[in-house]
Amino acid sequence: MNRLEVVPMEPESRSLRLWCVLLSLAEPPNPPEVVSQHPPVPGRAENLVFEFDEAYTAFMDGTSVLPSETQMLALQAIDTKLAAMVGAKDVELWTERARREDPLWSEVRTLASRVLDEFDWPVDRA
C-alpha cells in the first residue's frame, strides 16, 4: 500500500509576502564567524520588522475569510512582541549581535515559527 505524504504548499498571492518575512524572522542570524566573512546588511532587523508590519497589514486587508482563532492569536502575538520592541526605543535591540543573543529575538524566532506552523506553511524556501 502506498503512503500519502502531505507536503505544505507555499502560500500564494497575499500570503506569500507574509510567509517570506516570517521565514526571515524565524531564521537564526549567522554566527559571528560567518558575519566576519559576510557582514550583515545594515538595518536588517529594522527592515524585517517594517516588512512584517506591511505584510501583516496587507494580508489582513486583503482577506475575505479571517484566519482561524489560533492563527490570529499567533499573528497577534508576534505583532505585539515586535511592537513592544519598537516601543522600547532600545538601539541595542537592532544590532546583529542582539539578533543572535538577545532573548527577545529568540522569542521572535519562536513566535514566527509558531505562525508558520499554525498556517501549515513550509519552514524553508524550496
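Everything below is about the structure printed above this text.
As the structure is a prediction and not an experimental result, all values here were calculated from the model.

Visitor: Looking at this structure, I do not really get unusual backbone geometry. What am I missing?
Guide: Trans is the prevailing form of peptide bonds, just as negative phi is the prevailing case for residues other than glycine. Positive phi values are uncommon outside glycine, yet Lys-89 reaches one of about 50°. Along the chain, Lys-89 turns up in the loop between helix H4 (69-88) and helix H5 (96-101). Here Asp-120, not a glycine, exhibits a phi torsion of approximately 55°, which is positive.

Visitor: Explain the pattern of salt bridges to me, please; I cannot follow it from the model alone.
Guide: When the charged atoms of two side chains with opposite charge come close together, those side chains can pair. Under the counting rule described, the total for this entry stands at 4 salt bridges. With a closest N to O distance of 3.1 Å, Glu-107 and Lys-81 form a salt bridge. Here the residue Glu-107 occupies a position in helix H6 (residues 103-118), and Lys-81 occupies one in helix H4, the gap between them amounting to 26 residues. The class for Glu-107 is partly exposed, based on a relative accessible area of 36%. Notably, a salt bridge pairs Glu-101 with Arg-97, separated by 3.0 Å at the nearest N-O pair. Here Glu-101 and its partner Arg-97 are both found in helix H5, 4 residues apart, which amounts to about one turn of the helix. Look at Glu-101 and you get partly exposed, because its relative accessible area is 48%.

Visitor: Help me out: how do you make sense of the nonpolar core in this one?
Guide: Counting residues in hydrophobic clusters, the biggest one holds 31 residues, and the most contacted among them are Leu-18, Leu-22, Leu-25, Phe-52, Ile-78, Leu-82 and Trp-105. Of all the secondary structure elements, the ones that give two or more residues to this core are helix H1 (14-26), helix H3 (44-61), H4 and H6. Leave out the neighbours within four places in its chain, and Ile-78 touches Leu-22, Leu-25, Phe-52, Val-108, Leu-111, Ala-112 and Val-115.

Visitor: In this structure, what is going on with the packing of aromatic side chains? I would like to understand it.
Guide: We describe a pair of aromatic rings using the distance from one ring centre to the other and the angle between the two ring planes. Across all of its chains, the model carries 5 aromatic pairs by this definition. Aromatic pair Phe-59 and Phe-119: ring centres 5.8 Å apart, planes at 80°, arrangement edge-to-face. With a gap of 60 residues between them, Phe-59 in helix H3 and Phe-119 in the segment after H6 connect regions that are remote in the sequence. Residues Phe-59 and Phe-119 agree in their burial class; the two are buried. Relative to Trp-121, the ring of Phe-59 has its centre 6.5 Å away and its plane inclined at 90°; by these criteria the two rings are edge-to-face. Remark: Trp-121 occurs in the segment after H6 and Phe-59 occurs in helix H3; sequence separation between them is 62 residues. When sorted by exposure, Phe-59 lands in the same class as Trp-121, which is buried. Taken together, the aromatic side chains of Phe-59, Phe-119 and Trp-121 make up a single cluster linked through ring pairs.

Thresholds applied
- Residues numbered from 1 in each chain as written.
- Predicted model: local features only at pLDDT ≥ 70, side-chain atom pairs only at ≥ 80, totals over all residues.
- Heavy atoms only, no water.
- Helix = DSSP H or I, 4+ residues; strand = E, 2+ residues; numbered from the N terminus.
- Salt bridge = Lys/Arg side-chain N within 4 Å of Asp/Glu carboxyl O.
- Buried < 20%, exposed > 50% of the residue type's maximum accessible area, 1.4 Å probe, protein only.
- Core = buried A, V, L, I, M, F, W, Y, C linked by side-chain atoms within 4.5 Å.
- Contact = heavy atoms within 4.5 Å.
- Phe/Tyr/Trp six-rings, centres within 6.5 Å; stacked < 30°, edge-to-face > 60°.

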